[in-house]
Amino acid sequence: MSRLSQRPENPAVGMALPHESAVLHVTGKALYTDDLVQRTKDVLHAYPVQVMQAHARITTLRTAPALVVPGVVRVLTAADVPGVNDAGVKHDEPLFPDEVMFHGHAVCWVLGETVEAARLGAAAVEVETTPLPSLISIVDAVSANSFQGAQRLVQRGDIEAGFAAAAHIYSGEIQFSDQEHFYLETHAALALVDEGGQVFVQSSTQHPSETQEIVAHVLGLHSHEITVQCLRMGGGFGGKEMQPHGFAAIAALGATLTGRPVRLRLNRTQDLTMSGKRHGFHASWRAGFDAQGHVLALDTTLTADGGWSLDLSEPVLARALCHIDNVYWIPNARFLGRIAKTNKTSNTAFRGFGGPQGMLVMEDLLGRCAPLLGLDPMELRRRNFYRAGQSTPYGQVVRHPERIAATWEQVIERGEVDARRRGIAEFNAAHRNTKRGLAVTGVKFGISFNLTTFNQGGALVLIYKDGSVLINHGGTEMGQGLHTKMLQVAATTLGIPLPKVRLAPTRTDKVPNTSATAASSGADLNGAAVKNACEQLRERLMRVAATQFGVGPADVRLTEGIARPLGDETRTLDWNTLVRTAYQQRVQLSAAGFYRTEGLHWDAQAMQGTPFKYFAYGAAAAEVEVDGFTGAYRIRRVDIVHDVGDSLSPLIDLGQVEGGFVQGAGWLTLEELRWDTGTGPGRGRLLTQAASTYKLPSFSEMPEVFNVTLLANATEEGAVYGSKAVGEPPLMLAFSVREALRQAAAAFGPEGISVALGAPATPEAVYWALDAARRAANAPGETTIEEPSRINV
């Protein structure tokens with residue numbers, strides 16, 4: 001086992017600990033970015049001037065009326081920008097635009113002594129525009145040939161030969177919704193400038209280094225003149241990877257121009273109407289199967305709704321293309337991807353980062369094709385699992401494919417799936433207007449950033465003379481427990497009790513050039529960097545202890561804060577004394593750690609290589625009950641077995657699996673963003689811009705029985721202390737809920753019917769699916785497929 005993966009005796013990692021800020025969270029003492037306003041003097045408040053048109057050119061912008069509003073101090077416009085008027089890394093997102101690109105686009109910002117003064121000032125700004133044609137849906141964009149960014153193609157084998165050999169060929173399409181992050185804390189930033197001109201920005205950001213970079217180029221400064229700090233976030237889910245930069249830049253610009261601290265916090269409606277979502281997709285597909293139901297060929301085209309600018313749409317699309325296969329071997333493949341440009345908020349990262357959208361295509365087509373092939377959906381999925389030695393369509397060997405089958409079989413056994421399916425069949429036969437369904441689906445999710453450069457992490461670890469330890473690392477905390485894991489990694493590596501270690505807020509002047517806390521790689525990258533720094537310190541201290549004991553450094557053991565020479569338990573040196581001795585001997589007690597993920601290679605143009613360090617696996621069984629009159633449903637039971645390697649912090653990981661699953665179920669069954677696609681003045685307006693109209697999962701949507709098990713004996717070689725990422729992969733376990741709803745809807749119709757189901761599968765969509773199944777029951781012959789079949793499903 002590698003040095004990175006091997007655990008010492010009595011490690012702090014692996015202990016089931018609560019979140020390090022759990023008490024602060026539940027008592028309300030945890031500080032977030034906007035809480036710092038009360039601790040800051042003479043703060044100005046920023047408020048946006050939004051234009052409520054989907055697409056228009058600004059002809060006149062009159063800010064003078066705002067300046068006469070009591071309490072208004074200044075209006076920020078493009079003329080005030082000393083550097084680059086752009087909030088993105090692609091230079092396609094003007095901070096102060098001259099063209100409105102989506103309904104609610106902010107064209108300037110008002111600074112006021114109070115939020116109310118700034119709001120009234122924003123209302124007084126006069127904006128005149130010339131309307132321009134707008135594209136709201138993916139269908140609109142495709143019809144208008146409106147695309148942005150690069151098209152990508154993943155291909156393997158001979159697609160036409162695969163179809164020629166197929167006994168059954170089916171084709172279809174699916175369009176599925178975007179998703180709102182709806183984090184508890186909206187976008188927020190607080191900026192101030194010190195006497196030396198140093199700009200200090202508190203930001204709710206998953207990517208402090210990039211926030212620093214954007215603020216610097218807007219202000220025309222260098223990065224060393226900007227410091228960005230993130231205390232913690234009240235949720236991020238990817239929505240705070242790219243989108244906070246512009247808001248931080250507005251606050252920093254205002255602080256620079258006025259000399260006063262500037263606070264920017266979006267209210268919920270502004271956050272919903274101004275910030276990006278998960279990318280909605282349209283997919284068309286054609287699949288070929290042999291007589292036994294093995295996939296021989298798959299040809300699909302994915303179109304992502306990028307919104308008005310690129311943001312992260314290109315890497316999201318790339319990851320979607322790399323995850324269409326999910327847990328299934330596809331010998332002949334052709335996956336084409338493109339990005340539609342629409343007049344909507346710029347879509348961005350969201351937990352899974354395109355992976356869920358790619359996987360949904362495969363899971364949907366298998367669910368639709370299984371009845372046509374005369375196979376149980378579970379059996380069809382199982383027959384197509386990856387086997388040893390097989391590789392993905394983009395060329396990466398699938399390591400540990402046996403874990404696909406292991407998680408699957410354990411879910412079936414622990415979830416008593418076979419017995420429950422027999423019970424469901426009896427229930428459905430006895431109940432005409434209520435049906436149940438049970439489905440099992442698996443997950444294979446690649447861990448690493450698609451862009452190889454981002455797979456690096458840094459840390460700074462300080463040991464003070466009294467033996468206390470302070471960690472700084474490049475990752476940010478958004479509730480996922482990263483800081484908790486880093487404390488455990490540091491305590492384990494140094495061999496000291498956990499209470500001796502404390503963690504500092506994430507700051508760009510402590511650890512530079514960090515990657516975003518994203519791609520589920522926060523613990524992998526930062527944990528390995530923290531471990532590296534602690535190993536440097538431990539080696540120095542071992543030399544000091546060795547001198548005291550009169551032995552070689554390799555013969556010293558340090559566990560639970562006590563150093564001992566090997567083979568002699570009577571001679572000891574406690575941690576505090578050891579540290580004090582090292583200080584007296586002028587031994588350096590700080591270290592910068594670094595880690596770069598090894599073994600990665602990715603050709604983004606050819607879409608071939610090994611972009612992921614490893615795959616995380618999992619399986620879920622979900623049982624639902626559907627009301628035949630309304631389509632309303634409830635999730636009766638969910639069983640999950642998930643592969644997190646050798647968990648760094650099991651309680652944290654269990655919470656991540658549960659939370660990810662519920663968020664995925666929300667995307668697939670409840671959360672439906674709707675936009676005004678009419679031709680009136682409200683065209684392009686987000687209609688679901690509050691919790692009253694946008695349905696989020698609540699306690700009533702939670703499974704009545706919810707069992708989560710972490711896969712045992714699953715140490716991951718080459719990852720920090722043998723652990724695996726857990727943030728994103730569990731979200732896709734929720735495919736089991738949607739497939740169970742498909743099974744329940746099909747139970748209203750004849751045997752062997754193929755049911756098309758909307759995405760999200762809202763009660764309305766479920767009703768239309770079960771209604772179609774009922775109608776098929778009254779039209780015998782329409783569901784009978786002649787073999788071999790060449791149909792559109």
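Residues numbered from 1 in each chain as written. Predicted model: local features only at pLDDT ≥ 70, side-chain atom pairs only at ≥ 80, totals over all residues. Heavy atoms only, no water.

**Examining the sheet that holds strand β20 (residues 506–507)**
- Overall, mixed pairing links the eight strands, which are arranged β3-β5-β1-β12-β9-β10-β11-β20 in an open sheet. In this open sheet, the two edge strands, each paired with only one partner strand, are β3 (72–76) and β20.
- For strand β1 (residues 44–51) and strand β5 (residues 105–112), the ladder comprises seven bridges, and the chain directions are antiparallel. In the sheet register, His45 faces β5, and the bridge partner there is Gly112.
- In this fold helix α6 (residues 208–219) packs onto β10 (199–203), β11 (226–230) and β20, with an angle of close to 145° to the strand it touches most, β11.
- Docked against the sheet, helix α7 (residues 244–258) engages β1, β3, β5, β9 (188–193), β10 and β12 (262–265), running at close to 30° with respect to β9. (Pairing = 2+ DSSP bridges. Helix = DSSP H or I, 4+ residues; strand = E, 2+ residues; numbered from the N terminus. Contact = heavy atoms within 4.5 Å. Axes fitted to C-alpha atoms, helices over the stretch in contact; angles between N-to-C directions.)

**Points about empty space enclosed by the protein**
- Per the stated rule, a full pass over the model turns up three cavities of 30 Å³ or more.
- By volume, the largest cavity is sized at about 350 Å³.
- If you go around the largest cavity, you meet 22 residues; those closest to its centre are Ala87, Glu93, Phe247, Met274 and Trp308.
- Looking at the lining of the largest cavity, the elements with two or more residues in it are β5 and α7.
- Top element by residues in the lining of the largest cavity is α7. It accounts for four residues.
- The space that makes up the second largest cavity amounts to roughly 90 Å³.
- Around the second largest cavity sit 15 residues that line it, and Asp524, Tyr595, Thr597, Lys613 and Tyr614 are the ones nearest its centre.
- When residues in the lining of the second largest cavity are grouped by element, the largest group, three residues, is from helix α15 (residues 522–549). (1 Å grid on protein atoms, 1.4 Å probe; cavity = no way out; pocket = protein on both sides within 12 Å on 5 of 7 lines; lining within 4 Å. Points joined across faces, edges and corners; volume = space filled by probe spheres on them.)

**Details of the sheet that holds strand β24 (residues 590–596)**
- Strand order across the open sheet formed by four strands is β19-β18-β17-β24, with mixed pairing between neighbours. Among the strands making up the open sheet, the edge pair consists of β19 (501–503) and β24. Averaged over all neighbouring strand pairs, the angle between strand axes comes to 25°, with direction disregarded.
- Two strands pair when backbone bridges link them, and strand β17 (residues 456–463) and β24 are joined in this way by seven bridges, in the antiparallel orientation. The residue of β24 that forms the bridge with Gly457 is Tyr595.

**Focus on helix α14 (residues 482–494)**
- Over its 13 residues, α14 runs 18 Å from end to end, which matches the ideal 18 Å to within 8%, given 1.5 Å per residue.
- Most of α14 sits out of view: 13 of its 13 residues are buried.
- Downstream of α14 by one or two residues, Gly495 has phi in the positive range, about 75°. (Expected span 1.5 Å × (residues − 1). Buried < 20%, exposed > 50% of the residue type's maximum accessible area, 1.4 Å probe, protein only.)

**Overview of the nonpolar core**
- If you look at the biggest cluster of nonpolar residues, it comprises 111 residues, and the most contacted ones within it are Phe289, Leu298, Leu365, Val626, Ile640, Phe661 and Leu741.
- If we skip the residues at most four places from it in the chain, Phe289 touches Ala166, Ala167, His168, Tyr170, His294, Val295, Leu296, Leu365, Leu366, Cys369, Leu373 and Leu380.
- By size, the runner-up hydrophobic cluster in this structure holds 50 residues, among which are Met486, Leu525, Ala533 and Leu589. (Core = buried A, V, L, I, M, F, W, Y, C linked by side-chain atoms within 4.5 Å.)

**Thoughts on the packing of aromatic side chains**
- Within the structure shown, the criterion is met by 15 aromatic pairs.
- On the numbers, 6.0 Å between centres and 55° between planes, the contact of Tyr170 with Phe289 is tilted. Taken together, the residues span a long stretch of sequence, with Tyr170 in strand β8 (residues 168–176) and Phe289 in strand β13 (residues 281–289) at a distance of 119 residues.
- For Phe289, a relative accessible area of 0% puts it in the buried group.
- The interplanar angle of 0° and the centroid separation of 6.2 Å between the aromatic rings of Phe182 and Tyr694 together place this pair among those described as stacked. Of this pair, Phe182 sits in the loop between β8 and β9 while Tyr694 sits in the loop between α17 (650–669) and β29 (705–710), placing them 512 residues apart in sequence.
- Given a relative accessible area of 15%, Phe182 falls into the buried group.
- The rings of Tyr394, Trp602, Phe612 and Phe615 are connected pair by pair, giving a single aromatic cluster. (Phe/Tyr/Trp six-rings, centres within 6.5 Å; stacked < 30°, edge-to-face > 60°.)

**Side note on the environment of Glu99**
- Relative to the helices and strands, Glu99 resides in strand β4 (residues 99–100).
- For the pair Glu99 and Met274, spaced 175 residues apart in sequence, the C-alpha to C-alpha distance is 15 Å.
- When sequence neighbours within four positions are dropped, the list of residues in contact with Glu99 reads His55, Ala56, Arg57, Ile58, His105 and Leu132.
- Among the polar contacts made by the side chain of Glu99, one reaches the side chain of Arg57 at a distance of 3.0 Å. (Polar contact = N/O pair within 3.5 Å; in protein donor to acceptor, adjacent residues only side chain to side chain.)

**What about unusual backbone geometry?**
- Cis geometry is found at the peptide bond from Ala759 to Pro760, where omega equals 10°.
- In this model, Asn513 sits at a positive phi of 55°, which is unusual for a non-glycine residue.
- With a relative accessible area of 63%, Asn513 lands in the exposed category.
- Even without being a glycine, Ala519 presents a positive backbone phi close to 60°.
- Along the chain, the position of Ala519 falls in the loop between β20 and α15.
- Given the relative accessible area of 12%, Ala519 is considered buried.

**Section: the pattern of salt bridges**
- A full pass over the atoms with the stated rule returns 53 salt bridges.
- The salt bridge partner of Lys485 is Asp653, with a shortest N-O separation of 2.6 Å. Taken together, the residues Lys485 in helix α14 and Asp653 in helix α17 connect sequence positions 168 residues apart.
- Take Asp653: its relative accessible area is 0%, and that puts it in the buried class.
- Connected via shared salt-bridge partners are Glu363, Asp364, Arg368, Arg381, Arg738, Glu739 and Arg742. (Salt bridge = Lys/Arg side-chain N within 4 Å of Asp/Glu carboxyl O.)

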